Structure formats: structure tokens, C-alpha cells
Amino acid sequence: DVKVTQSSRYLVKRTGEKVFLECVQDMDHENMFWYRQDPGLGLRLIYFSYDVKMKEKGDIPEGYSVSREKKERFSLILESASTNQTSMYLCASSGLSLAKNIQYFGAGTRLSVL
Amino acid sequence: EDQVTQSPEALRLQEGESSSLNCSYTVSGLRGLFWYRQDPGKGPEFLFTLYSAGEEKEKERLKATLTKKESFLHITAPKPEDSATYLCAVQAGGSQGNLIFGKGTKLSVKP
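Definitions and limits used
Residues numbered from 1 in each chain as written. Chains lettered and ligands numbered in written order. Predicted model: local features only at pLDDT ≥ 70, side-chain atom pairs only at ≥ 80, totals over all residues. Heavy atoms only, no water. Contact = heavy atoms within 4.5 Å. Buried area = accessible area lost by both parts, 1.4 Å probe. Salt bridge = Lys/Arg side-chain N within 4 Å of Asp/Glu carboxyl O. Polar contact = N/O pair within 3.5 Å; in protein donor to acceptor, adjacent residues only side chain to side chain. Helix = DSSP H or I, 4+ residues; strand = E, 2+ residues; numbered from the N terminus. Nonpolar A, V, L, I, M, F, W, Y, C, P; charged D, E, K, R; others polar. Buried < 20%, exposed > 50% of the residue type's maximum accessible area, 1.4 Å probe, protein only. Pairing = 2+ DSSP bridges.

(A) Structural detail: the interface of chain A and chain B. The interface of chain A with chain B comprises 25 residues on the first partner and 19 residues on the second. Both sides together, the interface formed by chain A and chain B hides about 1700 Å², and carbon and sulfur atoms give 54% of it. For the pair chain A and chain B, the interface holds zero salt bridges. Here chain A and chain B share seven residue pairs in polar contact (both at pLDDT 80 or more) between them. Listing elements by their share of the side of chain A that touches chain B, those giving two or more residues are strand S4 (31-38), strand S5 (42-49), strand S9 (87-94) and strand S10 (104-105) of chain A. Residues that form the side of chain A that touches chain B fall into these classes: 15 nonpolar, eight polar and two charged.

This is the structure we're talking about:
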């Protein structure tokens, strides 16, 4: 079975803290993605990676960075958390070929920044 | 600009009352259209992929269809357990795999 695992389901952090969200996939997928989901705004792409050490900005990269040192792991970093980064964060992965380009999602991390 | 619009935003049905959800899109060269189901507090769960106009796919009470401008998700005789938010997404030709999502249709099915 396909599996994308996000390290935390719920996180509560203070303003100004550095926050790490971890995502691991076991499907040997090349692509990995980080989204945030907010009511009324839908899913918005923050960053994605199509290979180890490669990254591309999505629609809303400001205030975030990412790291992909291993193929199976993709980390989202909030350098200095702010209250407007309170959101649901979703990680996804997919393969490169047309037959494997379905994105599979993790369960999500609900982050609250106080 | 590539764009996905879903309608209605919310739909309330009685159990057994069939209906359809719409996903209209503008994209430069469609590589694929995807339907997902999302339950509250969970990640989206993949349902269907459609690649070309005229294609149809079915799974239990759900059937997805695709034209050159829109996709429909038909729900036949829905049950309360079909209640969820349904998301539509497109992948543009030339993209590196990223999807453009609509905002979803929240479906409620009452017994």
C-alpha cells in the first residue's frame, strides 16, 4: 500500500520559533510536495522537489524553506513562525511517468502558532 | 493562467438522491485531471484520474467524466458515508508534476 507519513498530526509553536515538518514516503517517488490548506482558499503549493537536493518554489514560498537530502524524505522549515502560518500542512508524493503521476497525500499536520 | 473552478461550493442531498459535481478548468495542455475525496481533518484520498476528453471512470456510486472544458463527478444513490469534500485538480502539460486544485465541493448526505 502507498504510504506518505507526516511526523506530527498536531503541533503548537510560539511566534518566532523555528519549526520543522517532516514527510517520508515509501514509494520511491521522485516528486514530493508541500501544501497548506486554509478554509476558503483551498490547497496552495508552497514548494516541491523533483529530485534529491532539487527544489522549486510554488505559489506561496515566502516564509518557508525546504530540504531534501534523501529521496524518501522532504522537510518543510518555517524559519521564524508567525501567526499567519497557522494552517493545515499537507505533504504529497508522485512518480514521474504518466502512469505514476498520481499524488498521494499524508494525513496532514495541523500547526497552530501562538 | 491555469485555473480550476468547482461548483457548487456545498451540496446537501438526501440519501438516495443522485446529483453531480462540476469541475471546469482552463489549462495549457491537459496532462491529467484528478478527483480526490477529503474527510475532515485528513489528507485527500485519490479517487480517479482522467486523461482525455470522453474518458469515464467508475468506482462504486461514483462516476467521473471528462470533456475538453470540464469534468463531472456523478454520485448515484448516495449514502451518508459519501459525505466529504471532493477536490478536483489538473496537471498542465509541461509541468513537473505539480497540480492546480479547485477549492472543493463539500457534500453532505442526510439519512
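(B) Structural detail: the pairing of strand S2 (residues 10-14) of chain B. All names here are of chain B. Of the two faces of S2, the one lined by Leu-11 and Leu-13 is fully buried and the one lined by Ala-10, Arg-12 and Gln-14 carries no buried residue. Here five bridges tie S2 to strand S11 (residues 105-110), and the two strands are oriented parallel to one another. Along S11, the bridge assignment pairs Ala-10 with Lys-106.

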